[in-house]
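Single-letter residue listing:
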Amino acid sequence: MTELYPLALRLDGRLVLVVGGGAVATRRVPALLAAGAQVRLVAPELTPALRGLADAGRLTWQERPFAEDDLDGVWLVQVAVDDHEAAESVSGAAERRRIFCVRADDRHAASAWTPAVARHGAVTVAVLAGGSPRRAVAVRDRIANLLATDEATVPETVKGTVALVGGGPGDPELITVKGRRLLAAADVVVADRLGPGLLLDELRADVELVDVAKLPYGPAAQQEEINRILVGRAKAGLFVVRLKGGDPYVFGRGGEEVLACAEAGVPVTVVPGVTSAISVPAAAGIPVTHRRVAHEFTVISGHIGPDHPDSLVDWPALARLRGTLVILMGLKNLPAIVASLLAHGRDAATPAAIVQEGTTDQQKSVHGTLADLPALAEQLNPPAIVVIGDVVDVLPTTF
Ligand code: SAH
């Protein structure tokens, strides 16, 4: 075979014909839509995913086999049928009209190939491996891994900005792909006790690490200092990653940090994270919802007790809920919280659990009932999450 000529197509607003509505088309269509192509799908039947796209008006669907007219106005054809003869008739017709055609059934009979693709910020890597898709994917994966640790893929435009990155609950594998990419690009990382510490191990030696390890009830002045560091380093032209535990906007003062940056004219982006409110119960075998058991879950900060004048929580209303209560930062005030829930009508026998340092190798959890919670709390230390509700007992402890 002669050499292929690699090319990147601008499909925005251009008509692309996809023939076939099965697994191959299901995999190909989203990338075409992401490239802005107008997709004309011709197939007697569609997978549920493709039907969803058709129902949502993301593509047009002709519910029948291919007909020659389907090629009218088309820039590119993707043949996603197994039947060799049917594929041959589509690609033959495309060839006569000089339209490039990709074939899933026989790539050697196709006039165009789709590469294995990795996207990393502004960089797109496309790999062709002489007709071996398996090898192309393997090479692509290795390059994608290299890119994940390559700062050069981060554009200059992030210099002088701040990214608030949700680091997840503790397990270093539970950060998002985007969060990890930005972390690898940081000039400065501002981290505290809650961020997954193991991620910091991977930072380049020249990255400045500012550890603002906060005590649970530390002074508010600490937050002002953090804001000052974020703004100051960004104004000095550096790319600053503020690595936060869980999700930046769940009881993490992320909003305050965004405001401080905005007020100082420093551009800031927020990368969501896996919040401990959901993932830590899950790590202890507790789904926060379960059909026929809980149709709601409520996430509460317990750092201020029910009787405190500054409390913004309607504890009597929470006591009347049937669903799951997830309490963060609640260990210290747990006796008062439990007393309030019981006084306002939540059943003392409601299953309850406390999970400490969930998703890490230090994870510990204790199970009991709502009434048991104050005693259980004495066995554990922060950071811990309290879960109250029938979901606590819904799964066996080992599964
Ligand atoms: N933004 C974070 C929460 C910050 S508040 C998030 O979305 O997860 C801090 C509280 O979160 C802790 O006091 C504790 O209640 C809870 N927490 C965070 N990580 C935890 C973990 N790995 N295990 C148990 N609780 C955790």
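- The protein chain carries the name Uroporphyrinogen-III C-methyltransferase in an unreviewed UniProt entry, which gives Catellatospora aurea as its organism.
- For the protein chain, the Pathway (unreviewed entry) comment in UniProt is given as "Porphyrin-containing compound metabolism; siroheme biosynthesis; sirohydrochlorin from precorrin-2: step 1/1."
- As stated in UniProt under Catalytic activity (unreviewed entry), the record for the protein chain gives "precorrin-2 + NAD(+) = sirohydrochlorin + NADH + 2 H(+)".

As for the packing of helix α1 (residues 23-34) against helix α2 (residues 48-55)
Alright, step 1. Where α1 meets α2, the axes come as close as 9 Å, and the angle between the chain directions of the two elements is 35°. As for how α1 packs across α2, the hand of that crossing is left-handed. Here A25, T26, V29 and L33 of α1 come into contact with α2, specifically with A49, L50 and L53.

Re the domain arrangement of the protein chain
Alright, step 1. Each assigned domain of the protein chain is listed here: domain 1 (15-114), domain 2 (157-274) and domain 3 (277-393).
Alright, step 2. Summarising the inter-unit geometry, the C-alpha centres of domain 1 and domain 2 are found 44 Å apart.

A word on the site of the ligand
Alright, step 1. In the vicinity of the ligand, 18 residues are found, and the nearest of them are P169, V250, T275, S276 and A384.
Alright, step 2. Contact distances for the ligand include 2.8 Å between a nitrogen atom and a backbone N or O atom of G358.
Alright, step 3. Protein contacts shield 93% of the accessible area of the ligand, which totals 550 Å² for the unbound molecule.
Alright, step 4. Elements represented by at least two residues in the shell around the ligand include exactly α8 (276-283) and β17 (384-388).
Alright, step 5. Looking at side-chain class alone, the shell around the ligand contains 11 nonpolar, five polar and two charged residues.

Description of the nonpolar core
Alright, step 1. Counting 22 residues, the largest nonpolar core has L334, L341, I354, L373, V386 and I388 as the members making the most contacts within it.
Alright, step 2. Of all the elements in the fold, those that place two or more residues in this core are α9 (315-320), β14 (324-328), α10 (334-343), β15 (351-356), α11 (373-377) and β17.
Alright, step 3. Ranked by residues supplied to this core, first place goes to α10 with four residues.
Alright, step 4. Discounting chain neighbours no more than four positions away, the residues touching L334 are I354, L373, A377 and V386.

Describing the pairing of β15
Alright, step 1. The element β15 is largely enclosed, with a buried count of six among its six residues.
Alright, step 2. With burial as the criterion, each face of β15 is covered, one bearing P351, A353 and V355 and the other bearing A352, I354 and Q356.
Alright, step 3. As defined by bridge partners, β15 adjoins strand β16 (residues 364-369) across six bridges and the pair is classed as antiparallel. Its bridge partner lying in β16, A353 is registered against H367.
Alright, step 4. Across five bridges, the pairing between β15 and β17 is antiparallel. Paired with A352 across the two strands is I388, which belongs to β17.

Considering the environment of V127
Alright, step 1. Within the secondary structure, V127 sits in strand β7 (residues 123-127).
Alright, step 2. Judged by its relative accessible area of 9%, V127 is buried.
Alright, step 3. Excluding residues within four positions of it along the chain, V127 makes contact with P115, A116, A136, V139, R140 and I143.

Some details on the packing of aromatic side chains
Alright, step 1. One pass over the structure, following the stated rule, counts zero aromatic pairs.
Alright, step 2. Lying over the aromatic face of W75, R14 brings its terminal NZ or CZ to 4.2 Å of the ring centre.

Section: the sheet that holds β14
Alright, step 1. What the five strands build is an open sheet, ordered β13-β14-β17-β15-β16; its pairing is mixed. The two strands at the open ends of the sheet, each matched to only one other strand, are β13 (297-301) and β16. Each strand axis lies, on average, 15° off the axis of its neighbour in the sheet, ignoring direction.
Alright, step 2. Sheet strands in contact with α8 are β13, β14, β15 and β17, and its direction is about 80° off that of β17.

Points about the side chain of D247
Alright, step 1. Structurally, D247 can be placed in the loop between β11 (240-244) and α7 (254-263).
Alright, step 2. There is no salt bridge for the buried D247, and the closest opposite charge comes from K244, which lies 9.6 Å off by N-O distance.
Alright, step 3. Among the polar contacts listed, one links the side chain of D247 to the backbone nitrogen of G273, at a separation of 3.0 Å.
Alright, step 4. Those residues in contact with D247, other than ones at most four positions away along the chain, are P272, G273, V274 and T275.

Here we look at the packing of helix α6 (residues 221-235) against α7
Alright, step 1. Across the interface, α6 lies against α7 with an axial gap of 9 Å and an inter-helix angle of 45°. Between α6 and α7, the angle is such that the two are oblique. When you trace α6 past α7, the crossing you get is right-handed. For the pair formed by α6 and α7, the contact residues are Q223, I226, N227, L230 and V231 on the first element and E256, E257, A260 and C261 on the second.

Structural notes on the pairing of strand β8 (residues 162-166)
Alright, step 1. Along β8, five of the five residues are buried, which leaves the element largely enclosed by surrounding structure.
Alright, step 2. Taking every second residue as pointing to the same face, both faces of β8 are buried, with V162, L164 and G166 on one and A163 and V165 on the other.
Alright, step 3. Where β8 and β11 come together, five bridges link them in parallel fashion. Each bridged residue has a counterpart across the sheet, and for V165 the counterpart in β11 is L243.
Alright, step 4. Pairing between β8 and strand β12 (residues 268-271): four bridges, direction parallel. When the bridges of β12 are listed, V165 appears paired with V271.

Cut-offs applied
Residues numbered from 1 in each chain as written. Predicted model: local features only at pLDDT ≥ 70, side-chain atom pairs only at ≥ 80, totals over all residues. Heavy atoms only, no water. UniProt positions renumbered as here; feature names shortened; annotations may be inferred. Axes fitted to C-alpha atoms, helices over the stretch in contact; angles between N-to-C directions. Helix = DSSP H or I, 4+ residues; strand = E, 2+ residues; numbered from the N terminus. Left-handed = near helix turned anticlockwise from the far one by under 90°. Contact = heavy atoms within 4.5 Å. Domains from an automatic or database assignment. Near = heavy atom within 4 Å. Polar contact = N/O pair within 3.5 Å; in protein donor to acceptor, adjacent residues only side chain to side chain. Areas by Shrake-Rupley, 256 points an atom, 1.4 Å probe, with all protein chains shown as cover. Nonpolar A, V, L, I, M, F, W, Y, C, P; charged D, E, K, R; others polar. Core = buried A, V, L, I, M, F, W, Y, C linked by side-chain atoms within 4.5 Å. Buried < 20%, exposed > 50% of the residue type's maximum accessible area, 1.4 Å probe, protein only. Pairing = 2+ DSSP bridges. Phe/Tyr/Trp six-rings, centres within 6.5 Å; stacked < 30°, edge-to-face > 60°. Lys NZ or Arg CZ within 6 Å of the ring centre and 35° of its normal. Lys, Arg positive; Asp, Glu negative; His and termini not counted. Salt bridge = Lys/Arg side-chain N within 4 Å of Asp/Glu carboxyl O. Parallel < 35°, antiparallel > 145°, perpendicular 65-115°, else oblique.

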